[in-house]
Structures are given as structure tokens and as C-alpha cells.
Amino acid sequence: MAVTSARNPSLGETTCGSLLQQLQQIWNEVGENDENGIRFCFSSTKSVGRLQEKPEKSSGTIKEQLAAIAPTLEQLTKQKDERIKEFADVQSQIEKICGEIAGTIEVGEQVGTPSVDEDDLSLEKLEDFHSQLQDLQKEKSDRQQKVLDYVSTVHDLCTVLGMDFFSTITEVHRSLDDSVGVHLKSISNDTLSKLDGTVAALKDDKKMRLRKLQDLAAQLSDLWNLMETPAEERSFFDHVTCNISATVDDAEAEVERLDALKASKMKEIALKKQSELEDIYASAHIEIDTVAAQEKIMSLIDSGKIEPSELIADMDNQILKAKEEALSRKEILDKVEKWMSACEEESWLEDYNRDENRYNSSRGAHLNLKRAEKARVLVNKIPALVDTLVAKTRAWEEDRSMSFMYDGVPLLAMLDEYVMLRHEREEEKRRMRDQKRFSEQQTTPEQSASRPLAPKKVSTPRSNGSPSNGTPTRRLSLNSHQNGSNGVRPATKEGKRENARLSAPPNHAAAAKEETASPAAGNDSIPTTP
């Protein structure tokens, strides 16, 4: 090709011209604006000019110059294919909805790929198709709502007349059964016409029955009056005679009143069930969107799309599943409660150890002393309790392939944070004990006796006036404890509880106990928990 073009420049010129003509045709089909077209044509004109130059003045062979234009052609061809796909998609949706309205296509049935006019692929035409599709989608939505209203009316009339709703509604179209979703129900002109006719026929039947009932009731009343029938015997037919003066409008008004009363009663029952469900989740420390759940219930009842019995059965099923989930979490939650209580006791114990007057013969001092001994035993069990809690939580998560959330926070993340901060605390205590020993070695007995030393507090991340001892912020909400003597503060839903305290490492228990056991020593030991 390159050799032939080099021998015959006119052939190269013809090839470039046809190539540019093809590019221009694709450009017109895609429908790009004039600005892009002018810029591209200008570029193409320059390319033609370069190709028409003499071989000695060209920057390369004609084949190389054609190769420079080929990417643009490839890009436009790809753009054209994508535009054709867009047209096919929107035209397919238009044909589908039109077929559903005309009744030639069943709702949910797939349609074939439509033919696209490739002579006009402009954005303006595509926008026209999109606008047409939006109008059809709105009409489809309106028809679906109209079908639901008709079905609801037929259901109410069948209930009043004692007729079989299923057979009545499926005679119109098989897709109108309650078991079929609204998006799969027929919305064709024929279906809407048949529904309208069915409703009219049922209303006429209702009026005819009411008139017949009124006639019978009037005859019955005349016979009673003629024979002077006692009121006691007449009372057995009050449900018949009460309709003597009733009209269809009165009956419909009464039905509407009873429907409103039923909806109000349903909301009351459903909200009571929802409250029970929320209490179960709250006791299991599972967070749920209560507002969204209540709004969904109200929406379902107001729309009338669900039977009362179905709604109650569904909520009972949710309550049963919630109880099962709460039961599966109970063992872990009990250990979490023990861990938190131990941390609270640790907090109290550290405050107690910092009190210089804790051994004075004040009122209640012996009770605090007993509590401190019990607290030390409890605090020493925290590391083992945390290890057990981590193991059980991991086993629970592996079994269910999901995280164990505690009030919206992963429990393992909380435990990991606690362990990390506890380790940092232990290191700080070791450092301060070493510093104290070094200070005592550098101080003579006379200097030590001449200046009393105040007890020191451990420097913590939250030492800016806060009583916290540097433990992780407690993000867990607990139920309020009945026993106030254990120092546990009730949790709030928003703020959770106060900070849990970290204890000293168990292997330093003996040393810590010596430092805090004797009130007569008057030393400057760092308050720690054994």
C-alpha cells in the first residue's frame, strides 16, 4: 500500500478524501455540535493538505499520515456504537411500557432488541426519547395506583356481599391476586376497563340487596305491628330492621368510619408490638432505627396494602427472631456486665487508695475497708475475664460470620483498646516505681524524715481536672444497677457510662499491698490496685 501510494500520489489523495468523507459521515450521525465539527474539519483539512504535498516535502509516507487519522476514526466509531446502545435501551423501555398499556405484552415480559435508525443519532433525538419514556413511566405509575384502588374496592365489596374475592378478582386478570407484587400486575386498558365494570356491578348488586333487605324489614315491621309482637321478640331482628331507612351513602359512610377505626386500632396494636421488639433489642444492646421502623408500619397501615392479620403475624415473627438473637448473646453480655462492674470497682478502689484519711476511725471506715478487700479480689480477675470474653466473642462471630456489636460498637474493638491501654498503664506504673526507688536511694534518712511527701497520682491522658485514670472511654450502655453500694453509675442512652478503670498487673499484687497496707508508715507510695 505504501509503495503504491508513493508511486501514485493521486491514489493517496483519493484515499484520504474517502477517509475524511467517512469521518464526516460518522460525525454527522453522532450529532456532535458545530464547534467540535469545525475543529475536527479544520484538523482534517490540514491533514489533507499534508497528504497532498510532494513526497520530498512530506513529514512521512502517506500510510503513516493515514495512521495518524485512524485513531480519530476509531474513537468516533466507538462513540457511535455507544450511542446506538443508548438509543436501543431507551427505545426498548418505551416499547415495553407501550405494550403493557396496550395489553400486547405481559408485565415483566422481556422484549426484543428494537431497530435503531442509524441515520439520526443526535443528542436532540435521544433527549426526545428520554422525555417520552418519562411520560410513559409516570402513566404506568398512575395506572398501577389505579389498579390497587380498584382491587381494594373489590375486596371491600366482596367482604360486604359475602363473595369470594380471589375468584372475583382473578376473573378480571390472573395477575391481580394479592400474592402478585404491584410491579407485576396488569395495567392494560382492557384490565382497567374490566375492573371498572366489576366494581360497578358489585355496587349495583349491593344496592339491590340493600333495597331487598329494606323491603323485607318493612314487611316484618308491619307484621309485628299487626300482631302486636313484643319488643323482646323484635330485638332478635334488630340487625335487619335497622336498615329500613338506611341508604347506600349512609352504609358507605359507616364503612369508611369503621375502616378508619380499624386503622387506628391496628396502629395501636402494631406500635405496641414494635415497642416490645425495641425493648428486646435494647436489652440485648442491639441498635436499630426505631424511627424508620415505626414510619414503615404507619405507611403500610395507611396504604391498606397489607391485611391486619399479616402485619401482626410478621411482627410476631420479628419478635421471635429477636428473642432468639438475644438468647445467643446472653452469655457474652453477662460477662461484659461483669467486666464493666469490675472496672467500676477498680475505679472506686483507686479513689479509695488515694484518700489519706481512709484508715481514720471515721463512721463507715470499716465498711469501706471490707469493700476494698473485695474489690481487690475482683480487680485481679479482670485479665482472665477479658481473655475469656475475647475468646467467646470471636467464636460467636466465626459461627455467624458477623461482628458482635454492642450498642453500635464492635465489642472486640473495645476489648482490644482496653487491653492496649491496660498494658500502657502497667508500663507507666513500673516506670514510676523504678523512679521512686531511685529517688529513695539518693535521699538520706534525715532528708526523708524532714520533709513529708504527698501521695502522687499517675499521669493519665485525661488528667486535666478529670477523675479518670486514663482508661478507655466507656462507650457501653448498661442497665441501672439496683445495689448502690458498689459504686456503679447508671448509664444513659446517649452518653453511655463513665470511664472504666484499669487495674495494676496481677504479678505486682504483693508489692502494691505492702505499699498501701500500713497507715503508720507515712510513705509516699504511688496508689495502686493490688
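Heads up: the structure comes first, above all this text.
In this text, all values refer to a predicted model and were calculated from it rather than measured experimentally.

Draft legend 1. The arrangement of a negative patch on the surface in detail. Taken together, the side chains of D119, D120, E124, E127 and D128 present a region of like negative charge at the surface. Within the secondary structure, E124 is located in helix α5 (residues 123-161). Residue E124 is classed as exposed on the basis of its relative accessible area of 62%.

Draft legend 2. Representation of the side chain of R329. Mapping R329 onto the fold places it in helix α12 (residues 308-354). In this structure R329 touches A284, H285, I286, W396, F404, M405 and Y406, once residues within four positions along its chain are discounted.

Draft legend 3. Main features of the environment of T168. Structurally, T168 is set in helix α6 (residues 165-172). Its relative accessible area of 12% is what places T168 among the buried residues. In sequence terms T168 and T198 are 30 residues apart; their C-alpha atoms lie 8.4 Å from each other. If sequence neighbours within four positions are ignored, T168 has contacts with V154, C158, M163 and T198.

Draft legend 4. Fine view of the nonpolar core. In terms of nonpolar packing, the biggest core is built from 30 residues, with I332, V336, W339, I382, V386, L411 and L415 touching the most fellow members. A total of 10 residues in this core trace back to one element, the largest contributor, which is α12.

Draft legend 5. Focus on unusual backbone geometry. Positive phi, normally seen in glycine, also occurs at E228, with a value near 50°. Tracing the chain through its elements places E228 in the loop between α7 (189-227) and α8 (231-234). One non-glycine residue, H285, lies in the positive phi region at around 55°. With respect to the helices, strands and loops of the structure, H285 is situated in the loop between α10 (248-283) and α11 (290-303). Look at H285 and you get buried, because its relative accessible area is 6%.

Draft legend 6. Broad picture of the pattern of salt bridges. Under the criterion given, the structure shown has 23 salt bridges. Of the charged contacts in the structure, one is a salt bridge between K80 and E118, with a shortest N-O distance of 3.8 Å. Residue K80 is located in helix α4 (residues 62-102), and its partner E118 is located in the loop between α4 and α5; the two are separated by 38 residues in the primary sequence. Judged by relative accessible area, which is 15%, K80 ranks as buried. Residue classification places E118 among the partly exposed positions, given a relative accessible area of 36%. In this structure, R143 engages E139 in a salt bridge whose closest nitrogen and oxygen atoms are separated by 3.3 Å. Linking R143 with E139, this pair stays in helix α5, spanning 4 residues, or about one helical turn.

Draft legend 7. A look at a nonpolar patch on the surface. Together, L223, L226 and M227 make up an exposed nonpolar region whose accessible area comes to about 360 Å². Position of M227 among the secondary structure elements: in helix α7. Looking at M227, the relative accessible area reads 57%, which means it is exposed.

Parameters at a glance
Residues numbered from 1 in each chain as written. Predicted model: local features only at pLDDT ≥ 70, side-chain atom pairs only at ≥ 80, totals over all residues. Heavy atoms only, no water. Patch = residues over 30% accessible without salt bridge, like charges linked within 9 Å, V, L, I, M, F, W, Y side chains within 5 Å. Areas by Shrake-Rupley, 256 points an atom, 1.4 Å probe, with all protein chains shown as cover. Salt bridge = Lys/Arg side-chain N within 4 Å of Asp/Glu carboxyl O. Lys, Arg positive; Asp, Glu negative; His and termini not counted. Charge placed at Lys NZ, Arg CZ, Asp CG, Glu CD. Helix = DSSP H or I, 4+ residues; strand = E, 2+ residues; numbered from the N terminus. Buried < 20%, exposed > 50% of the residue type's maximum accessible area, 1.4 Å probe, protein only. Contact = heavy atoms within 4.5 Å. Core = buried A, V, L, I, M, F, W, Y, C linked by side-chain atoms within 4.5 Å.

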